[in-house]
Amino acid sequence: MSKQARSSKDGPIRGLKLTGSPRERGLTHGEEFADEIERNLEIYLDVFEHKGSDEETVYEQAEQFVPLIEDENEAYAEEMRGVAEGSGLSIEDVTILNARYEVMYSAFKQAADEINEGLPDACTAFGVRNSLSDDGHTYVGQNWDWMPGLETFVMDVELEDGADHVVMTEAGIVGGKIGVNEAGLAMTLNGLVTEHDGEEPFRKPYHVRFREVLASERMDAAIESLIARDRACSANVIVGHESGEMIDLELSPETANYLYPDDGLLVHTNHVEDSSSMNSEFERLIPDTLCRAPRLRRLLTEDADKIGEGDIKEALRDHFDHPNSICRHPNEDDPELDRLETGGSFVMDLTEKRLLGTNGPPCEHEYVEFQVGSSSSQPQGAVDGRHP
Ligand SMILES: [Zn+2]
């Protein structure tokens, strides 16, 4: 395929099979997505600079993260080195992407102790227990709301010492963030902001933890990667299992809240539901988070006793409060919110270990199906899934 045909937001979300040693997986990733990785790096460097963290500071931080990641997860560091070699970028360039949460929150903290100086990933996530779905399958997924133009793809990862999985990632980032594995475990990710974010940036990066979550064979092991060690900043993660068990983890740097499904359904957006242990701040910047979670619960439950895959997709295309809706679009009236849109919509069937993903807002883009363990290196399956 030509470079033009493969670029940016044209066409469906692409897939890439990653096999072999960590270095070999990284090389494949780096070689295949070299242009996209460089574009993502430029976008993030611009954002950090916009937030008051110049390039020199960012690269100094990256130099400190390299040995930290090596200590935390040597295979992850080796895969990053493969990405660097394959793409022709430096290990620091690739590290900036892989620690981009930690670097970003730290930049915000340095810029000003004001919440409106920062803008992490928004998002609307859900989990549907098997007892509530019309086909008896367990579903987990989300709309991922982030900066327009970032290059994403779905990795089909074959691990020598962990669970194989399919997962959406930003080009250049070794650990994905929205995925499902062969053990029937899945995870989603939403941005949260709480008061101590970025004060201690040099802690195990989230994306390293996400790789460990999806490499897990058991649910408790997946949870352990997220909570055992303190974090640099806040995030919300749903971990679900095909059995219907699921948990929502509201993570701040040093505390965590644990939420469970209500009537078989979990929904979460970008504010802390249990504010007894942490001060939630993101809703001051994007108050729509307070509307999207109850809206999604209502859309999924109001008209029927059981939820189908088609109902989920329809709910994820919802435009209540447009443009700051579940299906989010750039808000031209607000320079900060203009930088947020639904970059992809993801529905994972944990029972069948498959992921449906779009390459942009689901009102404008079709879902493409990816199956764990598929041998193809390109997107496969019927557009818009098998259960329309
Ligand atoms: Zn839309």
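The shown structure was predicted, so the numbers you read here are calculated from the model rather than taken from an experiment.

**Student:** Even after reading the chapter, I still don't get the overall build of the protein, so can you show me in this structure?
**Tutor:** Along its length, the protein carries 12 helices and 14 strands. What you see for the protein is a C-alpha radius of gyration of 19 Å, in line with the 21 Å of a compact globule of 388 residues. Looking at the 388 residues of the protein, the share that counts as buried comes to 61%. Long-range pairs, those at least 24 residues apart, make up 65% of the contacts in the protein between residues at least 6 apart in sequence. Counting only carbon and sulfur atoms, one obtains 43% of the accessible surface of the protein, whose full area is about 14000 Å².

**Student:** Sorry, what's going on with the UniProt feature "domain: Peptidase C45 hydrolase" (unreviewed entry) in the protein here?
**Tutor:** UniProt records the feature "domain: Peptidase C45 hydrolase" (unreviewed entry) at residues 135-334, using the numbering of this structure. From the first C-alpha to the last, residues 135-334 spans 42 Å; its make-up is 22% helix and 26% strand.

**Student:** Is there a simple way to explain the sheet that holds strand β14 (residues 368-371) in this structure?
**Tutor:** Whether parallel or antiparallel, the strands of a sheet pair through hydrogen bonds between backbone atoms. As summarised here, the arrangement of the 6 strands in space is β11-β2-β3-β12-β13-β14, forming an open sheet in which the pairing is antiparallel. Looking at the sheet topology across the chains shown, the edges are occupied by β11 (265-268) and β14. Going across the sheet, the axis of each strand differs from the next one's by a mean of 15°, ignoring polarity. One ladder, built from 8 bridges, connects strand β3 (residues 139-146) with strand β12 (residues 341-349); its direction is antiparallel. Bridge pairing links Tyr139 to Asp349 in β12. Helix α11 (residues 289-301) rests against β2 (124-128), β3 and β11 of the sheet, and its axis sits at about 150° to β11.

**Student:** Please clarify how unusual backbone geometry should be interpreted in this entry.
**Tutor:** One can expect most non-glycine residues to show negative phi and most peptide bonds to be in trans. The amide bond that connects His322 to the next residue, Pro323, takes the cis arrangement and shows omega of 5°. Looking at the element boundaries, Pro323 is found in the loop between α12 (309-316) and β12. You will see that Asp321, though not glycine, has its phi angle at about 70°, which is positive. Within the element layout of this structure, Asp321 appears in the loop between α12 and β12.

**Student:** Is there a simple way to think about α11 in this case?
**Tutor:** For an α-helix, the turn length of 3.6 residues means that residues three or four places apart are oriented alike. Between its terminal C-alpha atoms α11 stretches 19 Å, which fits the 18 Å expected from 13 residues at 1.5 Å a residue. Taken residue by residue, α11 has Thr289, Arg292, Ala293, Leu296 and Leu300 as its buried positions. Buried positions in α11, seen along its axis, are confined to an arc of 95° and lie on one side of it. Where α11 is buried, its residues contact β2, β3, β11, α10 (282-285) and α12.

**Student:** Help me understand the coordination of the zinc ion in this model?
**Tutor:** A metal bound by six donors in octahedral fashion has ideal angles of 90 or 180 degrees, whereas one bound by four tetrahedral donors has an ideal angle of 109.5 degrees. For the zinc ion, the full set of protein donor atoms is His319 (NE2), Cys327 (SG), His329 (NE2) and Cys363 (SG), at a range of 2.0 to 2.3 Å. Here the zinc ion binds 4 donor atoms, and the angle range of 102 to 116° at the metal identifies the geometry as tetrahedral. In primary sequence terms, the donor set of the zinc ion follows H-x7-C-x1-H-x33-C. Accessibility expressed as a relative area gives 0% for Cys327, which makes it buried.

**Student:** Quick question: what am I supposed to make of the environment of Ile96 here?
**Tutor:** By secondary structure assignment, the location of Ile96 is in helix α6 (residues 91-98). Classification of Ile96 as buried rests on a relative accessible area of 1%. C-alpha of Ile96 to C-alpha of Glu281: the two residues are 185 residues apart in sequence and 25 Å apart in space. Each residue touching Ile96, except ones within four places of it in the same chain, is listed here: Leu41, Leu45, Phe48, Val58, Tyr59 and Ala62.

**Student:** It is not clear to me how the pairing of β12 should be interpreted in this structure. Could you clarify?
**Tutor:** As a general feature of sheets, a regular strand has side chains that alternate between the two faces. For β12, the tally of buried residues reaches 9 of 9 residues, placing the bulk of the element in the interior. Bridge analysis of β12 against strand β13 (residues 354-357) gives 4 bridges, and the strand direction is antiparallel. Opposite Met348, over in β13, you have Leu355 as the bridge partner. What sits between the antiparallel neighbours β12 and β13 is a turn of 4 residues, in which Lys353 has the positive phi angle 55°.

**Student:** Explanation requested: the packing of α11 against α12 in the structure shown.
**Tutor:** Relative orientation and spacing of two packed helices are given, respectively, by the angle between their axes and the distance between those axes. Across the interface, α11 lies against α12 with an axial gap of 9 Å and an inter-helix angle of 145°. Remark: the crossing between α11 and α12 carries right-handed chirality. On α12, the residues that touch Leu296, Leu299 and Leu300 of α11 are Asp311, Ile312 and Ala315. Classifying every residue of the contact of α11 with α12 gives 5 nonpolar, no polar and 1 charged.

**Student:** Sorry if this is basic, but what is going on with the environment of Tyr105 here?
**Tutor:** Structurally, Tyr105 can be placed in helix α7 (residues 100-111). Those residues in contact with Tyr105, other than ones at most four positions away along the chain, are Pro120, Leu192, Val193, Asp197, Gly198, Cys233 and Ser234. Within polar-contact distance, the side chain of Tyr105 engages the backbone oxygen of Leu192 at 2.8 Å.

**Student:** Which parts of the structure should I look at to understand the sheet that holds strand β1 (residues 15-18)?
**Tutor:** One open sheet holds the 8 strands; their spatial order is β1-β4-β5-β6-β7-β8-β9-β10, and the pairing between them is mixed. Looking at which strands have only one partner, the edges of the open sheet turn out to be β1 and β10 (256-259). The sheet shows a mean angle of 20° between the axes of neighbouring strands, direction not considered. The pairing of strand β8 (residues 235-241) with strand β9 (residues 246-251) spans 6 bridges and is antiparallel. What sits directly across from Ala235, in β9, is Leu251. Contacting β7 (185-191), β8, β9 and β10, helix α9 (residues 219-227) runs over the sheet at an angle of about 5° to β9.

About the criteria used
Residues numbered from 1 in each chain as written. Predicted model: local features only at pLDDT ≥ 70, side-chain atom pairs only at ≥ 80, totals over all residues. Heavy atoms only, no water. Helix = DSSP H or I, 4+ residues; strand = E, 2+ residues; numbered from the N terminus. Rg over C-alpha atoms; globule rule 2.2 N^0.38 Å. Buried < 20%, exposed > 50% of the residue type's maximum accessible area, 1.4 Å probe, protein only. Contact = heavy atoms within 4.5 Å. Areas by Shrake-Rupley, 256 points an atom, 1.4 Å probe, with all protein chains shown as cover. UniProt positions renumbered as here; feature names shortened; annotations may be inferred. Pairing = 2+ DSSP bridges. Axes fitted to C-alpha atoms, helices over the stretch in contact; angles between N-to-C directions. Expected span 1.5 Å × (residues − 1). Arc of directions from axis to C-beta. Donors = N, O, S within 2.8 Å, 3.2 Å for Na, K, Ca; no water. Tetrahedral: all angles 85-135°; square planar, octahedral: opposite > 155°, others 65-115°. Left-handed = near helix turned anticlockwise from the far one by under 90°. Nonpolar A, V, L, I, M, F, W, Y, C, P; charged D, E, K, R; others polar. Polar contact = N/O pair within 3.5 Å; in protein donor to acceptor, adjacent residues only side chain to side chain.

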